[in-house]
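Reading the structure
Spelled out, the chains give:
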Amino acid sequence: MTEERRDLLVLNITDNVAVLKRAAEAGSRQRIGAEGVLEIGVPLEMGHKVAIAAIAEGKDVLKYGVPIGVATRDISPGDHVHLHNLASRYTVIRDWEAEE
Amino acid sequence: MTQQVMQGWLRSDGRKGIRNTVVVAYLVECAHHVAREIVRPFEGQDVHVIGFPGCFPNDYAQQMMEALCTHQNVGAVLLMSLGCENFQKRRLVDFVAQSGRPVELVSIQKAGGTRSAVTFGRNWVTEALAQLSDLPMVEMTPSDLVIGTICGGSDATSGIAGNPAAGRAFDALISEGATCIFEETGELIGCEHVMAERAVTPELGGALVETVQKAVRYYDRMGYGSFSQGNAEGGLSTIEEKSLGAYAKSGASPISGIVKPGQRPPGAGLYLMDVVPDGAPRFGFPNINDTAEIVELIACGAHAVIFVTGRGSVVGSAISPVLKVCANPETYDRMAEDMDVNAGRILNDAAGLDEVGGEIRDKLVGLANGLRTASEELGHHEFVLTYKTFEPLGPACLPAVTQLDRPEIRQTPSGASP
């Protein structure tokens, strides 16, 4: 049983991901507020995101209280959330005519 | 939040300055050295050099110089002209004189060259400082404040700690009746629709989206990509996530309007400054560095600017203090003398976002009570002003007013040549 750590920062109470304040080891047990503890599966660097709730494929990933993209597969609490399971919804609107 | 006595200098337009600076402004690069020589003996006092390097006139630069020379933190203005540049100097002199400030225009050619212009200028500044020291101070409240925010030298800590803390400070100040301005639409790509939902009217929301789309087109033309491999290595997954990190500086208050550089927000609340020029790209990058953005925020009336950094910027500014917030604990330890707020405490578990946001707010208020920023103490008075072209604000940009005090941003004459 490893000690509980508090390396995760939740930026908004509605978020389903938290961000690492510092590097975290694989298998580290992270406390999120009063609610609970989750285990991180892989070693991660500062600034990377960890799911703090289950996020079903097709659902929004929320950070800062707003969507930062859509889950491209089912995500479990403790999972690393990054390019392999999160995709942008943003479609750049360009004025092609002006660029000609 | 702590209650503090705030004092400032009352100007003829009713605004109150937190500094009483003498500005020495060169009206073309040819007069820059003379301006720099004039202020040299006044090191450590609030005597700052600003200026416009170009010889060809530009309406944006003219309006910026008018706004800066009549900024509430400015008490007196010395204009240094070579003599033959095309800047509309008489118009600037008249504009400053109408504000009641002491103003003088010196032509280096007429004065007889460098040394005599420098001697005249130093004597004029000495007299102006004596005159300004007699000006009485009046009481201020946080509602008098106009505060801008930018981020530069950013890293992963900026988006998760520094910028959200700056946003908390904005929310606190806006709840006290202050005016706050955020900017850089090129860094808001992907969150324009989130931003639009905070607009006080649907029409303003549409205008906010348009400012970001304009930035997309402009930066595309500059060949400037927004999302890099380094961003992904730092943990950022999407363009909207990256932009939200910068957008976090704006806090959570409703957005009251859009202004363009040199235009003052008409009332309290939160405003977006649209920094990207209108029309086809003509003069290169919208803002060539952080200082160009700081100067535009100041020209919109900012008493002070919050500067969030992670990798460690050292800049200050002419005219208005720059309060530097550093969220990277290692950078803070290494460069503490250049920083004002240690937001690295958020990542060290020593403080929460609200606590650091409160400290930023308190220090901004403290600037009107004797506090000076690290960059002021170190003598940083950076200044940059370049060419741009803007069109007037659209009708949806300022829902709270039907008429601006200075609605016109004039079109730059194309290919102007003497």
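Only a predicted model underlies this, so the values are computations on that prediction, with no experimental measurement involved.

Looking only at helices and strands, chain B features 15 helices and 14 strands. Here chain B has a C-alpha radius of gyration of 21 Å; the compact-globule value for 418 residues is 22 Å, and the two agree. Referenced to the eigenvectors of the C-alpha coordinate spread, the extents of chain B come out at roughly 60 × 45 × 40 Å. When burial is assessed residue by residue, chain B has 61% of its 418 residues classed as buried. By sequence separation, contacts in chain B at least 24 residues apart represent 75% of the contacts at least 6 residues apart. Element-wise, carbon and sulfur atoms account for 51% of the exposed surface of chain B, whose accessible area totals about 15300 Å². Of note, chain B has its 33 positive side-chain charges centred 7 Å away from the centre of its 49 negative side-chain charges.

Residues and elements named next belong to chain B. Spatially, seven strands are ordered β10-β11-β9-β8-β12-β13-β14 in an open sheet, and the strand pairing comes out parallel. With partners counted over all chains shown, the strands left at the sheet margins are β10 (255–259) and β14 (341–342), one partner each. One ladder, built from two bridges, connects strand β13 (residues 322–326) with β14; its direction is parallel. Bridge assignment links Val-325 to a residue of β14, and that residue is Val-341. On the sheet, helix α6 (residues 156–175) packs against β8 (146–151), β9 (179–183), β11 (269–273) and β12 (304–309) and is oriented at approximately 160° with respect to β12.

For helix α10 (residues 239–247) of chain B, a buried count of eight out of nine residues is recorded, marking the element as mostly surrounded by other parts of the structure. For α10(B), the complete set of buried residues consists of Ile239(B), Glu240(B), Glu241(B), Ser243(B), Leu244(B), Gly245(B), Ala246(B) and Tyr247(B).

Bringing the interface of chain A and chain B into the picture now. With 32 residues of chain A at the interface, the matching set in chain B holds 33 residues. At the boundary of chain A with chain B, total buried surface from both sides reaches about 2500 Å², with 57% on carbon and sulfur atoms. Along the contact surface separating chain A from chain B lie four salt bridges. Close ionic contact of Lys21(A) with Asp349(B) constitutes a salt bridge, the shortest N to O distance being 2.3 Å. Linking chain A with chain B are 16 residue pairs in polar contact (both at pLDDT 80 or more).

A full pass over the atoms with the stated rule returns 28 salt bridges over all chains. The network of salt bridges with shared partners includes Arg5(A), Asp7(A), Lys21(A), Arg22(A) and Asp349(B).

Another aspect to go through is the confidence of the model for chain A. On average, chain A scores 89 in pLDDT, and the residues at 70 or more come to 89%. Scored below 50 in pLDDT, residues 94–100 of chain A shows eight contacts in the model against residues more than four places distant or in partner chains.

On to empty space enclosed by the protein. All names here are of chain B. Scanning the model with the defined rule gives two cavities of 30 Å³ or more in all. Here the largest cavity defines a volume of roughly 60 Å³. Taken together, 13 residues make up the lining of the largest cavity; nearest its centre are His-48, Ser-317, Ser-320, Pro-321 and Glu-376. Per-class residue counts for the lining of the largest cavity are three nonpolar, eight polar and two charged. Considering only enclosed or pocket space, the second largest cavity measures out at about 40 Å³ in volume.

Calculation criteria
Residues numbered from 1 in each chain as written. Chains lettered and ligands numbered in written order. Predicted model: local features only at pLDDT ≥ 70, side-chain atom pairs only at ≥ 80, totals over all residues. Heavy atoms only, no water. Helix = DSSP H or I, 4+ residues; strand = E, 2+ residues; numbered from the N terminus. Rg over C-alpha atoms; globule rule 2.2 N^0.38 Å. Buried < 20%, exposed > 50% of the residue type's maximum accessible area, 1.4 Å probe, protein only. Contact = heavy atoms within 4.5 Å. Areas by Shrake-Rupley, 256 points an atom, 1.4 Å probe, with all protein chains shown as cover. Lys, Arg positive; Asp, Glu negative; His and termini not counted. Charge placed at Lys NZ, Arg CZ, Asp CG, Glu CD. Pairing = 2+ DSSP bridges. Axes fitted to C-alpha atoms, helices over the stretch in contact; angles between N-to-C directions. Buried area = accessible area lost by both parts, 1.4 Å probe. Salt bridge = Lys/Arg side-chain N within 4 Å of Asp/Glu carboxyl O. Polar contact = N/O pair within 3.5 Å; in protein donor to acceptor, adjacent residues only side chain to side chain. pLDDT = per-residue confidence, 0-100. 1 Å grid on protein atoms, 1.4 Å probe; cavity = no way out; pocket = protein on both sides within 12 Å on 5 of 7 lines; lining within 4 Å. Points joined across faces, edges and corners; volume = space filled by probe spheres on them. Nonpolar A, V, L, I, M, F, W, Y, C, P; charged D, E, K, R; others polar.

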